Amino acid sequence: MVAQGVEMGNPMIGTGTLTRADLAESVNRHVGLSRAEAAALIESILGHMSDALERGENVKISSFGTFVLRDKTQRMGRNPKTGVEVPIEPRRVLTFRASQTMRDRVAGD
């Protein structure tokens, strides 16, 4: 059995998590930037995405997915241990919605 990612030269084989360093290494190998330049490029991209989310904008990456901000209103919750109702404060949450292309890839279709 071949480990997932071997055919693409994936440096994160076996770890189960793709990291910033893995992305920078891939850019280094495939684009030819130095390791420092590749790391700076990854940081810049992630910084732009984070800044947009901080401004309240959603981030859509074609054929990958969309990072969506949702504002949740205050609601009543229940402490599962005691059964006492407690208010849950309003908050903003970040969700990821995979594109159909990504869902198909992950499903193996």
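The name given to the protein chain in an unreviewed UniProt entry is Integration host factor subunit alpha, and the organism recorded there is Sphingobium xenophagum. UniProt's Function (unreviewed entry) comment on the protein chain is quoted here verbatim: "This protein is one of the two subunits of integration host factor, a specific DNA-binding protein that functions in genetic recombination as well as in transcriptional and translational control."

As a further point, take the overall build of the protein chain. What the protein chain contains, in helices and strands, is 3 helices and 5 strands. Along the protein chain, helices and strands appear, N-terminal first, in the series α-α-β-β-β-β-β-α. Considering the protein chain as a whole, with its 109 residues, one finds that 20% of them fall into the buried category. Within the protein chain, contacts between residues separated by at least 24 positions form 27% of all contacts whose residues are at least 6 apart in sequence. Just so you have it, the protein chain exposes about 8,500 Å², and 55% of that area is on carbon and sulfur atoms.

What follows covers the packing of helix 1 (residues 20-31) against helix 2 (residues 35-54). For the pair helix 1 and helix 2, the least separation of the axes is 8 Å and the interaxial angle reads 125 degrees. For the element pair helix 1 / helix 2, the angle class is oblique. Crossing hand, helix 1 versus helix 2: right-handed. Contacts between helix 1 and helix 2 involve Arg20, Leu23, Ala24, Glu25, Val27 and Asn28 from the first element and Arg35, Ala38, Ala39, Leu41, Ile42, Glu43 and Leu46 from the second. Taken together, the residues of the contact of helix 1 with helix 2 sort by class into 8 nonpolar, 1 polar and 4 charged.

Attention now moves to helix 2. The end-to-end C-alpha distance of helix 2, which contains 20 residues, comes to 28 Å, matching closely the 28 Å that a straight helix rising 1.5 Å per residue would cover. For helix 2, the full list of buried residues reads Ala38, Ile42, Met49, Ala52 and Leu53. Considered in projection along helix 2, the buried side chains sweep an arc of 115 degrees and stay on one side of the axis. For helix 2, the exposed residues set more than 90 degrees away from the buried face come down to Ala36, His48 and Glu54. Tucked into the core, helix 2 has its buried residues touching helix 1, strand 1 (59-61), strand 2 (65-72) and strand 5 (91-98). Phi turns positive, to about 90 degrees, at Gly56, one or two residues after helix 2.

This paragraph deals with the pairing of strand 3 (residues 75-78). In summary, the side chains of a regular strand alternate between the two faces of the sheet. Of the strand pairs in this sheet, strand 3 and strand 4 (residues 85-88) are connected by 4 bridges, and their pairing is antiparallel. From the neighbouring strand, Arg75 faces strand 4, where its bridge partner is Ile88. Between strand 3 and strand 4, which pair antiparallel and follow one another directly, the connecting turn spans 6 residues, one of which, Gly83, has a positive phi of 80 degrees.

Note: strand 1 against strand 2, 3 bridges, orientation antiparallel. Following the sheet pairing, Lys60 is matched in strand 2 by Thr66. Between strand 1 and the antiparallel strand that follows it, strand 2, lie 3 residues; Ser63 among them carries a positive phi value of about 65 degrees.

Definitions and cut-offs
- Residues numbered from 1 in each chain as written.
- Predicted model: local features only at pLDDT ≥ 70, side-chain atom pairs only at ≥ 80, totals over all residues.
- Heavy atoms only, no water.
- UniProt positions renumbered as here; feature names shortened; annotations may be inferred.
- Helix = DSSP H or I, 4+ residues; strand = E, 2+ residues; numbered from the N terminus.
- Buried < 20%, exposed > 50% of the residue type's maximum accessible area, 1.4 Å probe, protein only.
- Contact = heavy atoms within 4.5 Å.
- Areas by Shrake-Rupley, 256 points an atom, 1.4 Å probe, with all protein chains shown as cover.
- Axes fitted to C-alpha atoms, helices over the stretch in contact; angles between N-to-C directions.
- Parallel < 35°, antiparallel > 145°, perpendicular 65-115°, else oblique.
- Left-handed = near helix turned anticlockwise from the far one by under 90°.
- Nonpolar A, V, L, I, M, F, W, Y, C, P; charged D, E, K, R; others polar.
- Expected span 1.5 Å × (residues − 1).
- Arc of directions from axis to C-beta.
- Pairing = 2+ DSSP bridges.

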